[in-house]
Amino acid sequence: MGYMIGEYEVIEKLGSGAMGDVFKGRNPKTNEFVAIKILSEELSNNARAVERFKREIQQSIKLKHPNVIGAYTSGEFKGRRYYVMEFVDGVTAKKELLTRGPYDEFRAMEIIIQISKALEHAAQFGIIHRDIKPDNIMITYDGKAKLCDMGLAKSTSGEDTNNVTISGTVLGTPHYMSPEQAQGDENLDTRTDIFSLGATTYHLLTGS
């Protein structure tokens, strides 16, 4: 694409989500590939969305685990917040389901055990993900599972100084969220992620 975001050369667009766009980038100094997530122009003028994105950056940088997509640094590009993270050469579990069908029991358990380790690591920091689903699990081409998208992650330790969600609103994906999360309960803990991981396990094994 021929332009730079921070010190990274932008190579191609990987996709778009609710919060913004993700690009594949390269560090010219090390030749290392990275992924760059940048907040959309529309949301860059939304104070609540900016605060939520900042929280996503903070949570992503805090978590250092082989089964969590790592984040390196952050900055601002033409008025839009961005952060740089590990580039994962692979596909989501959701895409594998669509192309290959349901997982066999052994492979499903391999993935779930790895994501359980990621959630255990997050829980040690008082962080819950709140959006565990096949779309948010990346599978590398050598078989490693990595948890991604901390956009709805929340601290349970009172470290979130800004209230970036509206009281009583429901955040998450209905087919996977726990009953208490679906009811808009603000006092969630890691059990809501365990429920969503169970729903994800069912999806991996049955395809629905």
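Rules and cut-offs
Residues numbered from 1 in each chain as written. Predicted model: local features only at pLDDT ≥ 70, side-chain atom pairs only at ≥ 80, totals over all residues. Heavy atoms only, no water. Helix = DSSP H or I, 4+ residues; strand = E, 2+ residues; numbered from the N terminus. Buried < 20%, exposed > 50% of the residue type's maximum accessible area, 1.4 Å probe, protein only. Contact = heavy atoms within 4.5 Å. Areas by Shrake-Rupley, 256 points an atom, 1.4 Å probe, with all protein chains shown as cover. Pairing = 2+ DSSP bridges. Axes fitted to C-alpha atoms, helices over the stretch in contact; angles between N-to-C directions. Salt bridge = Lys/Arg side-chain N within 4 Å of Asp/Glu carboxyl O. Core = buried A, V, L, I, M, F, W, Y, C linked by side-chain atoms within 4.5 Å. Expected span 1.5 Å × (residues − 1). Polar contact = N/O pair within 3.5 Å; in protein donor to acceptor, adjacent residues only side chain to side chain. Parallel < 35°, antiparallel > 145°, perpendicular 65-115°, else oblique. Left-handed = near helix turned anticlockwise from the far one by under 90°.

Novice: Sorry if this is basic, but what is going on with the overall build of the protein here?
Specialist: Counting its regular elements, the protein contains five helices and eleven strands. Counting over 208 residues, the protein shows a buried share of 48%. A separation threshold of at least 6 residues defines the contact pool for the protein, and within that pool the share at least 24 residues apart is 59%. Here the protein displays about 10,700 Å² of accessible surface, and carbon together with sulfur accounts for 51% of that area.

Novice: Mind showing me how you'd approach the sheet that holds strand E2 (residues 8-16) here?
Specialist: The strands that make up a sheet are held in pairs by hydrogen bonds between backbone atoms, and each pair lies either parallel or antiparallel. Strand order in the open sheet formed by six strands is E1-E2-E3-E4-E6-E5, with antiparallel pairing between adjacent strands. On the outer flanks of this sheet lie strand E1 (4-5) and strand E5 (71-77), each paired with one strand and no other. Pairing geometry for E2 and strand E3 (residues 20-26), over six bridges, is antiparallel. Bridge pairing in E3 links Glu12 to Lys24. The strands touched by helix H1 (residues 47-62) are strand E4 (33-39), E5 and strand E6 (80-86); relative to E6, the strand with the most contacts, the crossing angle is about 20 degrees.

Novice: Which parts of the structure should I look at to understand the pattern of salt bridges?
Specialist: Once their charged atoms are close, side chains differing in charge can pair, the charge on each being opposite to the other. All told, the structure shown has eleven salt bridges when counted by the stated rule. The salt bridge involving Lys146 is made with Glu86; its shortest N-O contact spans 3.0 Å. Here Glu86 lies in strand E6 and Lys146 lies in strand E10 (residues 145-147), a separation of 60 residues in the sequence. Assessed through its relative accessible area of 7%, Lys146 is described here as buried. Put simply, Asp131 and Lys133 hold a salt bridge, and the shortest N to O gap is 3.6 Å. Judged by relative accessible area, Asp131 falls into the buried class, the value being 11%.

Novice: In this structure, what is going on with the nonpolar core? I would like to understand it.
Specialist: Side chains of nonpolar character tend, in soluble globular proteins, to be buried together. Judged by nonpolar contacts, the single largest core of 21 residues is most densely connected at Tyr103, Ile111, Ile115, Ile137, Ile139 and Leu204. Apart from the residues lying within four places of it in its own chain, the contact partners of Ile139 are Gly90, Val91, Ala93, Glu96, Tyr103, Arg107, Ile111, Lys144 and Ala145.

Novice: I tried to follow helix H3 (residues 105-124) on my own but got confused; where do I start?
Specialist: Every α-helical turn comprises 3.6 residues, leaving residues that sit three or four positions apart pointing alike. The end-to-end C-alpha distance of H3, which contains 20 residues, comes to 28 Å, matching closely the 28 Å that a straight helix rising 1.5 Å per residue would cover. Looking at H3, one finds that the buried residues are Arg107, Ala108, Ile111, Ile112, Gln114, Ile115, Ala118, Leu119, His121 and Ala122. Residues of H3 that are buried make contact with strand E8 (127-128), strand E9 (137-140), E10 and helix H5 (191-206). Capping the start of H3, Asp104 holds a side-chain oxygen 3.1 Å from the backbone nitrogen of Phe106, two or three residues further along. Gly126 occupies a position one or two residues after H3 and carries a positive phi of about 70 degrees.

Novice: Explain the packing of H3 against H5 here, please?
Specialist: A pair of packed helices is characterised by two quantities: the angle between their axes and the separation of those axes. The contact between H3 and H5 brings their axes to 10 Å, and the two run at 160 degrees. By the criterion of interaxial angle, the relationship of H3 to H5 is roughly antiparallel. Judged by the twist between their axes, the crossing of H3 over H5 is right-handed. Touching Glu105, Ala108, Met109, Ile111, Ile112, Ile115, Ser116 and Leu119 of H3 are Asp193, Leu197, Thr201, Leu204 and Leu205, all from H5.

Novice: Quick question: what am I supposed to make of the sheet that holds E10 here?
Specialist: The sheet built from three strands is open, its strands ordered E7-E9-E10 with antiparallel pairing. Whereas interior strands pair on both sides, the edge strands pair on one side only; in this sheet they are strand E7 (90-92) and E10. The average undirected angle you get between the axes of adjacent strands in this sheet is 30 degrees. In this sheet, E9 lies alongside E7 in antiparallel orientation, the contact comprising three bridges. Note that in E9 the partner of Val91 across the bridge is Ile139. Relative to the sheet, helix H2 (residues 93-100) contacts E7 and E9, its axis offset from that of E7 by approximately 85 degrees.

Novice: I would appreciate a short explanation of the environment of Phe23 in the present structure.
Specialist: Mapped onto the elements of the fold, Phe23 is located in strand E3. For the pair formed by Phe23 and Ile36, sequence separation is 13 residues and the distance between their alpha carbons is 5.1 Å.

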